[in-house]
Amino acid sequence: MTPPNDVVALDAPTTPGAVGAATALLDAYRPGDTRFFASPTRTLLAHGTAAEVPHDERPLAERVAATLDARVRAGNQAPIVVGSIPFDPAEPAVLTVPEAARWAPALRTDPLVALPTPPPATAGGWQVREVPSGEEYAASVEAAVARMKSGEFDKVVLARTLELSTDGPLDLPAMLQRLARRDPRGYSFAVPTGAGRTLLGASPELLVSRHGNRLTANPLAGSTPRSADLAEDVRRAAALLESAKDLHEHAVVVDAVHKALAPFCGDLDVPERPTLVRTATMWHLSTTVTGELADPATSALELATALHPTPAVCGTPTGHARGVIGELEPFGRGHYTGMVGWSDARGDGEWVVTIRCAEAEETDDGGRLRLFAGAGVVADSSPEAERAETGAKFRTFLDAVGVDR
């Protein structure tokens, strides 16, 4: 018997809703077999598992389309897939068709999202370990810069992690609350990734969305930490817009996005200069790319897999940068710098770059969080500046956890 499914048409989330509808979905999130995703256009809470997307030799977009088609034939009138795709496309994606999905307008339109939330409670405090250490990370950046100056490659994105452990339970709903409420105009998410783990975060970067024949991509590259002092914050933003190093890094990413999307589009608009996007902790150079699909059958996930990984999370040339990441990063990225989001049977969907995130895991003696942060390294990068940038990016999640570091 087909499980009940209350997934509604995707036009519904963009229509006016009851005050507090988006906040109600955020409040209803519970870890386990529940998935939460919020964007600047809509909010989604999905429950249960009606089907899983298999991992086999077929392209991912083809497997997703076949899974959704099977649900339609089984009587599900508006199935979606929701979940996460790893950095390494060869690793299994964790994508499911939920038994039920509830939609609401965007959190940013909900006045209740401004209500304060308490810090997450932990019984025994946090123990924090850097992997690699800050000094080791700076040394890796220095080594990468030397190789780029020799002409070996052009750019690599190097990441580091913070491993947090506690002897108390993890309060994931409270962490998600703080992430979503702090940056309600961004993309917040919490999805299971298998083996008792949950990926949660608040990403500022849209990889690609598709609605009908229209697509939108919003690559971010080139960043600087924000300041609590207003005058200094404005100065940093202005300096970022004039930074030759950051503008070059951004242009490389935008060019790659243009080249990846152009074959799918009859019309593609790429602005000549970037603008600024701010989060609670960072300023980013941003370009919004829009286009009209040449073939309306092209799905959001096909577009996303054509883009992934962009130079913003990997480097250039892509294959060589991936190899350098494997050499210099002493951990597996897993779902970090992959993508998280949803697609439906019509091909519409939203896929977000999985940054400003952590992977949570309950253990027999408490809970663990692995936080991730990376920086784009080019030939004129400063090891200490990239270390400081990753430290600022950790702040998004550390604030959600309640760690003063």
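The rules we used
Residues numbered from 1 in each chain as written. Predicted model: local features only at pLDDT ≥ 70, side-chain atom pairs only at ≥ 80, totals over all residues. Heavy atoms only, no water. Pairing = 2+ DSSP bridges. Helix = DSSP H or I, 4+ residues; strand = E, 2+ residues; numbered from the N terminus. Contact = heavy atoms within 4.5 Å. Axes fitted to C-alpha atoms, helices over the stretch in contact; angles between N-to-C directions. Buried < 20%, exposed > 50% of the residue type's maximum accessible area, 1.4 Å probe, protein only. Core = buried A, V, L, I, M, F, W, Y, C linked by side-chain atoms within 4.5 Å. Salt bridge = Lys/Arg side-chain N within 4 Å of Asp/Glu carboxyl O. UniProt positions renumbered as here; feature names shortened; annotations may be inferred. Parallel < 35°, antiparallel > 145°, perpendicular 65-115°, else oblique. Left-handed = near helix turned anticlockwise from the far one by under 90°. Nonpolar A, V, L, I, M, F, W, Y, C, P; charged D, E, K, R; others polar. Phe/Tyr/Trp six-rings, centres within 6.5 Å; stacked < 30°, edge-to-face > 60°. Lys NZ or Arg CZ within 6 Å of the ring centre and 35° of its normal. Expected span 1.5 Å × (residues − 1). Bend = angle between axes of the 7 residues up to and from the residue.

Notes on the sheet that holds strand β17 (residues 289-293)
And step 1. Sheet architecture is open: nine strands sit in the order β3-β5-β4-β19-β20-β11-β12-β17-β14, paired in antiparallel fashion. Looking at the sheet topology across the chains shown, the edges are occupied by β3 (51-52) and β14 (265-269).
And step 2. When strand β19 (residues 339-344) meets strand β20 (residues 349-353), the two strands line up antiparallel, connected through five bridges. In the sheet register, V340 faces β20, and the bridge partner there is V352.
And step 3. Its contacts with the sheet place helix α2 (residues 60-73) against β3, β4 (80-85), β5 (94-97) and β19, and it is angled at close to 20 degrees to β5.

Topic: the environment of C314
And step 1. Among the secondary structure elements, C314 is positioned in the loop between α7 (300-307) and β18 (315-316).
And step 2. According to the relative accessible area criterion, C314 is buried, its value standing at 0%.
And step 3. Those residues in contact with C314 that lie beyond four places of it in its chain are F87, K155, V156, V157, P309, A321, R322 and I325.

Regarding unusual backbone geometry
Negative phi is the rule for most residues except glycine; trans is the rule for most peptide bonds.
And step 1. In this structure, the amide linkage connecting H308 to the following residue, P309, adopts the cis form with an omega of -10 degrees.
And step 2. The amide bond that connects T316 to the next residue, P317, takes the cis arrangement and shows omega of -15 degrees.
And step 3. Of note, P317 is situated in the loop between β18 and α8 (318-328).
And step 4. In this structure, A195 takes a positive phi of about 55 degrees despite not being glycine.
And step 5. Along the chain, A195 falls in the loop between β9 (187-194) and β10 (197-203).

Things to note about the nonpolar core
And step 1. L60, V64, I85, L95, L261, L301 and W351 are the most contacted members of the largest nonpolar core, which totals 54 residues.
And step 2. Per-element accounting of this core gives the leading share, five residues, to α7.
And step 3. Judged by nonpolar contacts, the second largest core, of 33 residues, contains A38, A104, A358 and F394.

Some remarks on the pattern of salt bridges
And step 1. Inspection of the entire model under this criterion finds 29 salt bridges.
And step 2. Of the charged contacts in the structure, one is a salt bridge between D56 and R58, with a shortest N-O distance of 2.9 Å.
And step 3. The exposure class assigned to R58 is partly exposed, which follows from its relative accessible area of 26%.
And step 4. The salt bridge involving D348 is made with R210; its shortest N-O contact spans 2.9 Å.

A few points about the UniProt feature "domain: Chorismate-utilising enzyme C-terminal" (unreviewed entry) in the protein chain
And step 1. Using the residue numbers shown here, the UniProt feature "domain: Chorismate-utilising enzyme C-terminal" (unreviewed entry) corresponds to residues 135-393.
And step 2. Secondary structure across residues 135-393 comprises 34% helix and 36% strand; the distance between its end C-alpha atoms is 17 Å.

Description of the pairing of strand β11 (residues 206-211)
And step 1. Among the six residues in β11, five count as buried, and that is most of the element.
And step 2. Relative to β20, β11 runs antiparallel, the two sharing four bridges. By the bridge assignment for β20, R210 is matched with G349.
And step 3. With three bridges joining them, β11 and strand β12 (residues 214-217) adopt antiparallel strand pairing. By the bridge assignment, H211 is partnered in β12 with R214.
And step 4. Linkage of β11 to β12, two consecutive antiparallel strands, is achieved through a turn of two residues, within which G212 is found at a positive phi near 65 degrees.

With respect to the pairing of β20
In regular strands, side chains alternate between the two faces of the sheet.
And step 1. In terms of burial, β20 is a largely internal element, five of the five residues being buried.
And step 2. The side-chain alternation of β20 yields two buried faces, one formed by G349, W351 and V353 and the other by E350 and V352.
And step 3. Counting the residues in the hairpin turn of β19 and β20 gives four residues, including G347, whose phi is positive at 100 degrees.

Some words on the packing of helix α6 (residues 244-261) against α7
And step 1. Packing of α6 against α7 brings their axes to within 9 Å, and their N-to-C directions diverge by 135 degrees. In terms of their interaxial angle, α6 and α7 are classed as oblique. In terms of crossing hand, the pair formed by α6 and α7 is right-handed. Two secondary-structure elements touch here, α6 through V257, A260 and L261 and α7 through L303, A306 and L307.
And step 2. For the contact of α6 with α7, a count of residues per class yields six nonpolar, no polar and no charged.

Description of the packing of aromatic side chains
Think of a pair of aromatic rings as described by two things: how far the centres are apart, and how the planes are tilted against each other in angle.
And step 1. Under the criterion given, the structure shown has three aromatic pairs.
And step 2. Aromatic pair Y336 and F372: ring centres 4.8 Å apart, planes at 10 degrees, arrangement stacked. Taken as a pair, Y336 in the loop between α8 and β19 and F372 in strand β22 (residues 366-377) lie far apart in primary sequence, 36 residues in all. Each member of the pair, Y336 as well as F372, is classed as buried.
And step 3. Members of the aromatic cluster, connected to one another through ring pairs, are F331, Y336 and F372.
And step 4. Across from the ring centre of F87, 5.0 Å away, lies the NZ or CZ of R322, which sits over that ring.
And step 5. The side chain of R333 reaches across the aromatic face of F87, ending 4.6 Å from its centre.

Quick notes on helix α9 (residues 383-401)
Since the α-helix packs 3.6 residues into each turn, any two residues three or four apart lie on the same face.
And step 1. With 19 residues, α9 extends 27 Å from end C-alpha to end C-alpha; this agrees with the ideal 27 Å at 1.5 Å per step.
And step 2. In the structure, α9 departs most strongly from a straight axis at R395, where the bend amounts to approximately 35 degrees.
And step 3. Within the sequence span of α9, burial applies to E386, E389, T390, A392, K393, F394, R395, T396, F397, L398, A400 and V401.
And step 4. A positive backbone phi angle near 95 degrees is found at G402, which sits one or two residues after α9.

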